[in-house]
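# Residue-level structural notes
One-letter residues, chain by chain:
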Amino acid sequence: MIALGSDHAGFPLKEAIKKYLDGEGVEYIDCGAYDTQSCDYPLQAEKTCLKVLNGECEKAVLCCGTGIGISMAANKVKGIRAACCSDYFSAKYTRMHNDANVLCLGARVIGEGAALELVNVFLNTEFEGGRHQRRIDQITELENKY
Ligand code: RB5
């Protein structure tokens, strides 16, 4: 199960992602926004990330205008490793090396076609573990330290 969230700027891309996931037979929970009325990305990030924290969803995809604000907010939630990506390599390696559990996309930055490729590789790439796990543990230590 995948959690989806956006603000007003990310709403159109989130809708495109929903259509894509429907086609792939991937189940999701839509945490809003539900239209293009202005709303605040930190609140949308929190609502969506909680679905990952409580185990209802294994990963989340968040969209705002740049992908940046919503990723900053998501990364304040303990246990969330959110990566704002615009390219295929980053979306793949943030799974392999960072075990990212949230992908953030900028609806005003990349086109829909590219975004769907990033969603696809993000959802279908496994964490490599090994030496990378040690570094993930160090991220968690930082999270608990400050
Ligand atoms: C909303 O206008 C915009 O600021 C937001 O979607 C996002 O780009 C913030 O990082």
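Our subject in this report is the structure included herewith. (Residues numbered from 1 in each chain as written. Predicted model: local features only at pLDDT ≥ 70, side-chain atom pairs only at ≥ 80, totals over all residues. Heavy atoms only, no water.)

Glancing now at the site of the ligand. Taken together, Asp-7, His-8, Ala-9, Tyr-41, Cys-64, Gly-65, Thr-66, Gly-69 and Arg-108 make up the full set of residues adjacent to the ligand. Note that an oxygen atom of the ligand is positioned 2.9 Å from one of the backbone N or O atoms of Gly-69. A total of 290 Å² of accessible area belongs to the ligand in isolation, and the protein chains cover 70% of it. (Near = heavy atom within 4 Å. Polar contact = N/O pair within 3.5 Å; in protein donor to acceptor, adjacent residues only side chain to side chain. Areas by Shrake-Rupley, 256 points an atom, 1.4 Å probe, with all protein chains shown as cover.)

Below, the discussion takes up the nonpolar core. Residues Ile-17, Leu-21, Val-61, Leu-103, Leu-105, Leu-118 and Val-119 are the most contacted members of the largest nonpolar core, which totals 22 residues. Elements that contribute at least two residues to this core include exactly strand E1 (2–6), helix H1 (11–24), strand E3 (59–64), strand E5 (102–106) and helix H5 (112–123). If you tally residues by element for this core, the top one is H5, at seven residues. Judged by nonpolar contacts, the second largest core, of 17 residues, contains Ala-60, Leu-62, Ile-70 and Cys-104. (Core = buried A, V, L, I, M, F, W, Y, C linked by side-chain atoms within 4.5 Å. Buried < 20%, exposed > 50% of the residue type's maximum accessible area, 1.4 Å probe, protein only. Helix = DSSP H or I, 4+ residues; strand = E, 2+ residues; numbered from the N terminus.)

Of all the six residues making up E3, six are buried; the element is thus mostly covered by neighbouring parts of the structure. Where E3 meets E5, five bridges bridge the pair, whose relative direction is parallel. Along E5, the bridge assignment pairs Ala-60 with Val-102. (Pairing = 2+ DSSP bridges.)

Here we take up the packing of H1 against H5. For the pair H1 and H5, the least separation of the axes is 10 Å and the interaxial angle reads 55°. Considering the angle they form, H1 stands oblique to H5. As H1 packs across H5, the resulting crossing turns out to be right-handed. Across the interface between the two elements, Leu-13, Ala-16, Ile-17, Tyr-20 and Leu-21 from H1 touch Glu-112, Ala-115, Leu-116, Val-119, Asn-120 and Leu-123 from H5. Of the residues belonging to the contact of H1 with H5, the class tally is nine nonpolar, one polar and one charged. (Axes fitted to C-alpha atoms, helices over the stretch in contact; angles between N-to-C directions. Parallel < 35°, antiparallel > 145°, perpendicular 65-115°, else oblique. Left-handed = near helix turned anticlockwise from the far one by under 90°. Contact = heavy atoms within 4.5 Å. Nonpolar A, V, L, I, M, F, W, Y, C, P; charged D, E, K, R; others polar.)

To continue, consider the sheet that holds E1. Spatial strand order, E2-E1-E3-E5-E4: five strands in an open sheet with parallel pairing. In this open sheet, the two strands that pair with only one neighbour each are strand E2 (28–30) and strand E4 (82–84). Averaged over all pairs of adjacent strands, the angle between their axes in this sheet comes to 20°, without regard to strand direction.

It is worth spelling out the packing of aromatic side chains at this point. Taken as a whole and judged by the stated rule, the model has one aromatic pair. Geometrically, the ring pair formed by Phe-89 and Tyr-93 is stacked, given 4.2 Å between the ring centres and 20° between the ring planes. Taken as a pair, Phe-89 and Tyr-93 lie in helix H4 (residues 88–96) at a separation of four residues, close to a single helical turn. Its relative accessible area of 54% is what places Phe-89 among the exposed residues. For Tyr-93, a relative accessible area of 28% translates into the label partly exposed. (Phe/Tyr/Trp six-rings, centres within 6.5 Å; stacked < 30°, edge-to-face > 60°.)

All we've got here are geometric facts, nothing functional implied.
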